[in-house]
Amino acid sequence: MLRSKASLLPTRHILRRSLRSSAVRLNQPFDPKAIERAEDEVDVCIVGGGPAGLSAAIRLKQLEREKGNEIRVVVLEKGSEIGAHILSGAVVEPRALNELLPEWQSMEGHPLTQPATSSRMLFLTKSLAFPVPHPPQMSNKGNYIVSLSQFTRWLAGIAENEYGVEIYPGFAGAQLLFSDTPDSKDPWGNPVRSVRGVITNEVGLTKDFRMKSSFEPGMTFRSKVTLLAEGAHGSLSKQAVQTFDLRREAEPQTYAIGLKEVWRVDPSQYKAGTVQHLLGWPIDSQTYGGGWVYHMDEGLVSLGLVIALDYKNPYLSPYRELQRMKHHPFFRTLLKDGERVGYGARVLTEGGFQSLPKLAFPGGALLGCSAGVVNIAKIKGTHNAMKTGMLAAEAAWDAVHNEASKSEGEEAAPAADMSSYDAAFHRSWVRDDLYEVRNLRPSFGTKLGVWGGMAYSGIDTLFLKGRVPWTFKHHRPEHGQVKVDNTSSLDSSFTEKASKHTPIEYPPFEPPLSTDLMTSVTLTGTNHAEDQPVHLRVIKTKDYITELEGLKNPAAGAGIGAVKAEAEIEAVSQEDVDAERERRIEHVKINVGEYAGLLGRACPAGVYEYVDVEGENKGEDSWEGKKLVINSQNCIHCKLCDIKVPSQDITWTVPEGSGGPKYTVT
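Residues numbered from 1 in each chain as written. Predicted model: local features only at pLDDT ≥ 70, side-chain atom pairs only at ≥ 80, totals over all residues. Heavy atoms only, no water.

Asks: Any chance you could explain the environment of A396 here in plain terms?
Replies: Summarising the element assignment, A396 is placed in helix α9 (residues 382–404). Through-space distance from the C-alpha of A396 to that of Y421 is 8.1 Å; in sequence the pair is 25 residues apart. Among residues more than four places away in sequence, those in contact with A396 are V44, L60, V225 and M418. (Helix = DSSP H or I, 4+ residues; strand = E, 2+ residues; numbered from the N terminus. Contact = heavy atoms within 4.5 Å.)

What follows is the structure, given as structure tokens:
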């Protein structure tokens, strides 16, 4: 953590941090306008310690060695340690790693120890498993089965110990720092304020936005270049996309939820290096998704289920579908006498080439899954994410040193121009990787469903290979065109009202083969301080960003108690309190009244409940005896709620740094 590396910060910064923990402030409402933050100046600030962010950091320091000019690179990671929030299947294609670290195979402790030895695809019915042809894109020759959490942890060690990258776990990037006045133009030529760094989250606030004795304000990291590598649907990435209208020429991003378990299986069932992908049961023919089984190193097996978030039935529970899948004879045999050692979930991007936004903005850029570079046909994205990090690093190096060479007569440095990164991306093999398969996922959006998609994808992958003059758009709901802005979700608009469906009867759990949700969540090691502001804000994202940028209402969406506290110091008005109440009531009205409380089933960590209330417990934010309860301490940072909620009024923001899951084998 940064506090353990005090020597890296100027003394005045450390003093400011300690002085602000004054007990005089105890229980006082938080006023961000009265806070003086500690500041640090860096050349490049990277938000997110995943494969993309770490690859960018390493490449920048490689350029430092090659060209002889020093560059200070800082990586901010919201997890308690690098890898703690990283989850993927994962079969890694080493193409980008070979470019970044050509000698990686001789490096001590590298985790790519299990090569993929075979690849198969199976179609499941309720009781049988049939082999089906394996698309050529899903060949895994030369790839490795890994824990991406462990891979990222190893990559961080290389970055820190071999290249001198400063990595600060436990620091959650909460908002972008903008220039005071418009000093740049967005990709469309409009005057805008440029990004000048990142502000991390406050520590030591109660859920009602009052300062504890342990309160410390977030820090300001002023940077010449800010690279956003937060993963799919990151909070700062959403702010950048909204502020600079980066999706103007792109299709909306689409998403899926991936749920994963890791098992130590009986030696008789273990087949090192085996890769199996699954279609069919338990997913119906109108829902895009499938499963996987990867035999990792040391007797471990990664298994899981991916379900596209454009599913229609609000009664569907991704978690229960995964547990039901394990009741299939195929899994009963595989997992008999085994032990489950890991569980987790995370959304992934599916939009592909059509959904790529502008990658550069004044002062920074989007990397990896923040940009959406998963090749959904391959079910891989790590190689593309790493390459985008390397490309962004090269553009950032030029931007930093172009600024350094500006004339001394200039009063202020111009915003970093990262447009060369966007251009380099479209000349790279990442662009080609995505372009070839651009029509496969959209082909599943026709009325022919999975069968139509399989037919088109078979023809395209075997014969056409993407060499066609057309590019499919992502499909829209049958009930008509939906206007999707930069922050709202296309996937949510496919959700049909509960009145059109009947509740799904899932089979009872059969421990240890299948278990209740909370038993699984304990395997994630998730922990948040309970008395902190709710980071799952009940407010539309575009409205939250408006409140954030102007510091109009820092508690917006965090609950009536939090907004009332801000009203005490006249930071907000009674109108803001009333608006907070109305947002909560409207949320319950729509999501319970029309969608039978979808989030209570969709969330893979049990965060959301719509509870019965009456009498004195009714409160001021209930609707017809129902109230929303957010168990934010359970949150595993998957981002599903932000994407799938039909009312599009849950905005995922960062909690205090170090909170969340502590993945180790995912």
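Asks: Can you help me understand helix α16 (residues 574–593) in this one?
Replies: Every α-helix carries 3.6 residues per turn, so stepping three or four residues along brings you back to the same face. Across its 20 residues, α16 extends 28 Å between first and last C-alpha, which sits within 8% of the 28 Å expected from 1.5 Å per residue. Check the buried side of α16 and you find it contacts β22 (536–538), α15 (560–568), α17 (599–602), β23 (608–612), β24 (626–630) and β25 (650–652). (Expected span 1.5 Å × (residues − 1).)

Asks: Would you mind going over the packing of helix α2 (residues 51–67) against helix α4 (residues 148–163) with me for this structure?
Replies: Two numbers describe a pair of packed helices, the interaxial angle and the distance between the axes. Across the interface, α2 lies against α4 with an axial gap of 10 Å and an inter-helix angle of 20°. Considering their axes alone, α2 and α4 lie roughly parallel with respect to each other. Seen along the crossing, α2 lies across α4 with a hand that is left-handed. Contacts between α2 and α4 pair P51, L54, S55, I58, K61, Q62 and R65 from the former with L148, T152, L155, A156, I158, A159, E162 and Y163 from the latter. Here the residues of the contact of α2 with α4 are counted per class, giving nine nonpolar, three polar and three charged. (Axes fitted to C-alpha atoms, helices over the stretch in contact; angles between N-to-C directions. Parallel < 35°, antiparallel > 145°, perpendicular 65-115°, else oblique. Left-handed = near helix turned anticlockwise from the far one by under 90°. Nonpolar A, V, L, I, M, F, W, Y, C, P; charged D, E, K, R; others polar.)

Asks: Whenever I open this one, a nonpolar patch on the surface confuses me. Can you help?
Replies: A cluster of nonpolar residues, I459, L462 and F463, forms a patch on the protein surface that exposes about 330 Å² of accessible area. On the secondary structure map, I459 appears in helix α12 (residues 449–464). (Patch = residues over 30% accessible without salt bridge, like charges linked within 9 Å, V, L, I, M, F, W, Y side chains within 5 Å. Areas by Shrake-Rupley, 256 points an atom, 1.4 Å probe, with all protein chains shown as cover. Salt bridge = Lys/Arg side-chain N within 4 Å of Asp/Glu carboxyl O.)

Asks: Would you mind showing me how to read unusual backbone geometry here?
Replies: If a residue is not glycine, its phi is most likely negative; likewise, a peptide bond is most likely trans. Cis peptide bonds are those with omega within 30 degrees of zero, and the linkage from W281 to P282 qualifies with 10°. Residue P512 follows P511 across a cis peptide bond; omega there is 0°. Tracing the sequence through the fold places P512 in the loop between α12 and α13 (517–522). A positive phi is found at D337, a non-glycine position, where the angle reads about 65°. In this structure, D337 sits in the loop between α7 (329–335) and β19 (339–349). For D337, a relative accessible area of 63% puts it in the exposed group. (Buried < 20%, exposed > 50% of the residue type's maximum accessible area, 1.4 Å probe, protein only.)

Asks: Would you mind going over the nonpolar core with me for this structure?
Replies: Among soluble globular proteins, nonpolar side chains are generally buried collectively. Counting 87 residues, the largest nonpolar core has I46, L101, L227 and M418 as its most contacted members. Per element, the largest residue contribution to this core is 11 residues, and it comes from α9. The contact partners of L227, leaving out residues within four places of it in the chain, are V44, C45, I46, V47, A56, A365, L367, A392 and M418. (Core = buried A, V, L, I, M, F, W, Y, C linked by side-chain atoms within 4.5 Å.)

Asks: Which parts of the structure should I look at to understand the sheet that holds strand β18 (residues 300–308)?
Replies: Sheet strands pair by backbone hydrogen bonding; their relative direction is either parallel or antiparallel. Strand order across the open sheet formed by seven strands is β5-β4-β16-β17-β18-β15-β19, with mixed pairing between neighbours. Each having just a single partner strand, β5 (129–132) and β19 make up the two edges of the open sheet. The average undirected angle you get between the axes of adjacent strands in this sheet is 25°. Taken together, the nine bridges between strand β15 (residues 255–264) and β18 define a ladder with antiparallel strand orientation. Counted as the bridge partner of A256 is A308 from β18. Along the sheet, helix α6 (residues 318–325) makes contact with β15, β17 (289–295), β18 and β19, crossing β18 at roughly 135°. (Pairing = 2+ DSSP bridges.)

Asks: How should I be thinking about the packing of aromatic side chains in this particular structure?
Replies: For any pair of aromatic rings, the description consists of the separation of the ring centres together with the inter-plane angle of the planes. Counted according to the given criterion, the structure contains 15 aromatic pairs. Between F30 and F215 the ring centres are 5.7 Å apart and the planes differ by 55°, which places this aromatic pair in the tilted class. Highlighted residues: F30 in the loop between α1 (11–19) and β1 (39–47) and F215 in strand β13 (residues 211–216), separated in sequence by 185 residues. Stacked on the ring of Y435, the Lys or Arg R431 has its end atom at 4.3 Å from the ring centre. Sitting over the ring of Y288, R441 keeps its end group 3.9 Å from the ring centre. (Phe/Tyr/Trp six-rings, centres within 6.5 Å; stacked < 30°, edge-to-face > 60°. Lys NZ or Arg CZ within 6 Å of the ring centre and 35° of its normal.)

Asks: Please clarify how the side chain of S149 should be interpreted in this entry.
Replies: Here S149 is to be found in helix α4. Look at S149 and you get buried, because its relative accessible area is 0%. S149 has contacts with G83, I86, Y663, T664 and T666, leaving out every residue within four places of it along the chain.

Asks: When you look at helix α5 (residues 235–244) in this model, what are you seeing that I'm missing?
Replies: Counted residue by residue, α5 has eight buried out of 10 residues, so it is predominantly covered. When we look at burial in α5, the residues that qualify are S235, L236, S237, K238, Q239, A240, V241 and F244. Looking one or two residues past α5, D245 carries a phi angle of roughly 55°, positive in sign.

Asks: Would you take a moment to explain the pattern of salt bridges for this structure?
Replies: Pairs can form between side chains of opposite charge whenever their charged atoms are close. Within the structure shown, the criterion is met by 33 salt bridges. Among the salt bridges present, the one from D310 reaches R441, with a minimum N-O distance of 3.2 Å. Here R441 lies in the loop between α11 (429–436) and α12 and D310 lies in the loop between β18 and α6, a separation of 131 residues in the sequence. Take D310 and R441: they sit in the same class, and that class is buried. Within this structure, K564, D578, R581 and E620 form a network of salt bridges that share partners.

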